[in-house]
Amino acid sequence: MERLERLAMLRLEEDERMTIYRDIERILAFFKQLDELDLGGVEPLFHVTEKEAGVGDDIEVRSMDRVWLEASAYRVQDGFVVGPRTIRGEEDSRS
Amino acid sequence: MPVHDVIEIIRGDRRALEEYIYSIYDRIERLEKTLRGFITIRKREDVLEEAVRANMEEKPLAGIPIAVKDNISTMGIRTTCASAILENYVPPYDATVIARLRSAGAVIIGKTNMDEFAMGSTTETSHFGPSRNPWDPDRVPGGSSGGSAVVVSSYMAPAALGSDTGGSVRNPAAYTATFGYKPTYGVLSRYGLIAYASSLDQIGLITRDALDTALLLEHMAGEDPMDPTSVDLKVSGLYRRLRDIGAGRSHLSARLVIVREMWEGVEENVAREVMRAIDRLSSSGYTFEETSIPEIRYALPAYYIIAFAEASSNLARYGIPIYGLKINPENMGWEDYYSEVRSRGFGREVKRRIMLGSYILSAGYYEQYYIKALKVRRVLRDRLLPILRRGYIASPTMPIKPPRLGEAIEDPLRLYAMDIETVVPNLIGAPAVNIPAGFVDSLPVGLQLIGAPMSDQDLLEVSRSVEDIIGISNTTPKTG
C-alpha cells in the first residue's frame with residue numbers, strides 16, 4: 001500500500017487505507033476472471049479509432065487570456081504562478 | 001416540453017421566450033432543493049439576456065436553455081467535475097460542443113451534478129452531495145450524469161449534455177425515463193471534456209426524445225481540429241428525417257439481436273418489462289434474432305481495468321497549483337504539496353481508482369492486467385461487429401431498478417456491476433441509446449439499443465420509431 005500511495009501521489013488516513021486496501025484486494029480478484037480466457041495470438045486493442053494522427057495546418061490562433069489562467073492559481077507573483085520550492089533550502093536539507 | 005416544441009413557440013417571440021425562461025426558473029426554485037440536479041445555476045437575468053439576444057439574431061436554437069454536465073468546460077462558468085480539487089476552477093475556454101451550441105443560439109443555464117470525475121453510477125460520489133431521482137427522491141437517479149438526467153426529467157431544463165465512459169448517459173436516462181444517447185466514439189469532439197478514460201470517453205445527450213437529440217446533434221457534430229480522434233458524421237437533414245417517423249406517420253422495421261449473456265443477472269421484473277416492450281416492437285414488424293457471445297461476460301472486468309489505467313494517467317495532472325484548490329504551496333516541497341493537494345482534493349472512489357490504475361500500469365502487472373484487458377477488447381470487437389452489421393443489439397439498459405440512496409455505494413463491486421449492460425459500446429466505440437421502456441414498481445426501466453460504429457443516424461431513426469411504438473417517452477415524474 002505504501003508503494004501504491006507513492007506511485008499515485010496520495011497519502012491516506014489509516015482508516016481510509018484499511019478500507020481501500022480491502023477493496024483493492026477484492027477488485028483485483030474480480031479482474032483475475034480474465035485468466036479464464038485463452039488470448040493467445042490476440043493483439044491488444046488500445047484504441048477504437050482507426051484514424052491516423054496527422055499533422056495539423058499552421059494556423060494563427062489567439063492564445064488564452066492570462067487573466068483567466070491566473071484566476072485559479074493559489075497566488076500569482078510578477079506574472080508567475082507561485083508553486084512549492086523546487087530546490088530545498090538549507091534548513092530543509094539539514095532536517 | 002421537448003426542445004423542438006419549445007423552439008416553435010419561442011422563435012421570434014420575445015414575450016414567449018421570457019415566459020418560458022421564467023417557467024424554467026420557477027421549476028428550479030420549486031424542485032432543486034429536493035432533487036439537487038445542479039452544481040451551479042446561472043442567474044436568471046444573465047440567461048435571459050443571452051437567450052433574447054440569440055432569439056433576436058434568429059439563431060437556429062433561438063435561445064433555448066441547455067444544462068451541461070460539470071465535466072464539460074464552459075468559459076467563465078466554474079467547472080468542478082463534482083470534486084473538491086476543482087471546486088474553484090473556472091475554465092479559460094469553451095469545449096468545442098459548447099462553442100458550437102452557443103453559436104447556434106443555445107444558452108447554458110447551469111452545470112449539473114455528477115459522480116466525482118464521472119467515477120460512479122449513482123451520482124453519490126459527488127463532493128456536493130447526491131442528486132435524487134424525480135420518480136422517487138429516496139432513490140438515486142443513476143450516474144455519472146445523474147444531474148443532467150434529473151434536470152431533463154423534471155423539466156428544469158429541456159435538454160442536457162452528459163458524458164459516457166461506460167454508460168454514464170444511458171444509465172441515468174434509464175432511471176429517469178429520458179432519452180440517452182452515446183454517439184460513436186469521435187462523433188462529438190472531446191476537446192474541453194475533462195478526461196476520465198480517454199479511449200472510452202464520449203460526450204452524449206439526455207433529452208426528452210430522439211427527435212431533440214437529432215436536432216441538437218446537427219449543431220454539435222463534425223470533425224474538430226482540436227480533437228484528432230473526432231470523426232465526420234454527416235448529420236444534416238437528420239432532424240427532418242426523424243420528424244417523418246412515428247406519430248401516425250411511417251414506421252421503420254429493423255432487426256433486433258438478443259445476446260443471451262446480456263440478460264443474465266438482470267432482475268427478473270426488469271427483464272420482463274423490457275421484454276414486454278420488445279414484444280410490442282415484434283408485433284409492429286420488427287424482427288428478432290437470438291445469439292450467444294460468451295466473451296461478453298468478461299466485458300466488465302476488461303472495461304474497469306482499462307478505465308482505471310487511463311484514469312490514473314489522466315488525473316496525474318491534478319496536484320499543481322493552478323486548478324483552484326487553495327492550499328498554500330510556499331513552505332512545502334513539490335512532492336509534499338502534490339500529495340497534499342491530491343489527498344485533500346480527491347474523494348474515496350477517485351483515490352481507489354487512481355491507486356488501482358497505478359497498480360495495473362506498474363512494472364510486473366502491466367501485461368497481467370492491462371494488456372490482457374486490451375486483448376479482450378479486441379475479441380469483443382471482432383465478435384460484435386458482424387452482429388451489429390445485421391441488426392441492433394437490444395438489452396435492458398440497467399440490470400436493476402434504481403437503488404435507494406446509500407444502497408449500492410458502500411460496495412464497489414456491487415456499484416461496478418450496475419454497468420454490466422452499458423460498458424460494451426464504449427469498449428468497441430459503438431453508438432448506443434436508452435429508450436424509456438416501461439415501469440417496475442412505478443420506477444422507470446429502459447431499453448438499450450446498440451448500433452454499428454458510424455450508424456448513428458440509423459440508430460436515431462430506429463429510436464424514434466421505437467419510442468413511438470412503446471409510447472411512454474415524455475412522461476412526467478412524481479415530483480414534477
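Residues numbered from 1 in each chain as written. Chains lettered and ligands numbered in written order. Predicted model: local features only at pLDDT ≥ 70, side-chain atom pairs only at ≥ 80, totals over all residues. Heavy atoms only, no water.

Moving on, we come to a nonpolar patch on the surface. A grouping of Phe46(A), Leu361(B) and Tyr366(B) is seen on the molecular surface, where their side chains present a nonpolar patch of about 240 Å² in accessible area. For Leu361(B), the position within the fold is in helix 12 (residues 348-361). (Patch = residues over 30% accessible without salt bridge, like charges linked within 9 Å, V, L, I, M, F, W, Y side chains within 5 Å. Areas by Shrake-Rupley, 256 points an atom, 1.4 Å probe, with all protein chains shown as cover. Salt bridge = Lys/Arg side-chain N within 4 Å of Asp/Glu carboxyl O. Helix = DSSP H or I, 4+ residues; strand = E, 2+ residues; numbered from the N terminus.)

All right, on to the packing of helix 2 (residues 14-31) of chain A against helix 12 of chain B then. One can describe the packing of helix 2 of chain A onto helix 12 of chain B by two numbers: an axis separation of 10 Å at closest approach and a directional angle of 55 degrees. Between helix 2 of chain A and helix 12 of chain B, the angle falls in the class oblique. Both helix 2 of chain A and helix 12 of chain B take part in a crossing whose hand is right-handed. On the side of helix 2 of chain A, the interface is formed by Glu16(A), Thr19(A), Ile20(A), Asp23(A), Ile24(A), Ile27(A), Leu28(A) and Phe31(A), while helix 12 of chain B contributes Arg348(B), Lys351(B), Arg352(B), Met355(B), Leu356(B), Tyr359(B) and Ile360(B). Across the contact of helix 2 of chain A with helix 12 of chain B, the residue classes tally to nine nonpolar, one polar and five charged. (Axes fitted to C-alpha atoms, helices over the stretch in contact; angles between N-to-C directions. Parallel < 35°, antiparallel > 145°, perpendicular 65-115°, else oblique. Left-handed = near helix turned anticlockwise from the far one by under 90°. Contact = heavy atoms within 4.5 Å. Nonpolar A, V, L, I, M, F, W, Y, C, P; charged D, E, K, R; others polar.)

Residue and element names in this part refer to chain B. Most of strand 9 (residues 392-396) sits out of view: five of its five residues are buried. In this structure, strand 7 (residues 255-259) lies alongside strand 9, joined through two bridges in parallel fashion. For Val257, the partnering residue across the bridge sits in strand 9 and is Ile393. As paired elements, strand 9 and strand 11 (residues 443-450) share four bridges and run antiparallel to each other. Bridged to Ile393 within strand 11 is Ile450. (Buried < 20%, exposed > 50% of the residue type's maximum accessible area, 1.4 Å probe, protein only. Pairing = 2+ DSSP bridges.)

A few words now on the pairing of strand 8 (residues 287-291) of chain B. Residues and elements named next belong to chain B. Bridging between strand 7 and strand 8 involves five bridges; their strand directions are parallel. Bridge pairing in strand 8 places Val259 opposite Thr291. What joins strand 7 to strand 8 is helix 9 (residues 268-283), and the crossover it makes is right-handed. (Right-handed = clockwise from strand over helix to strand, strands pointing away.)

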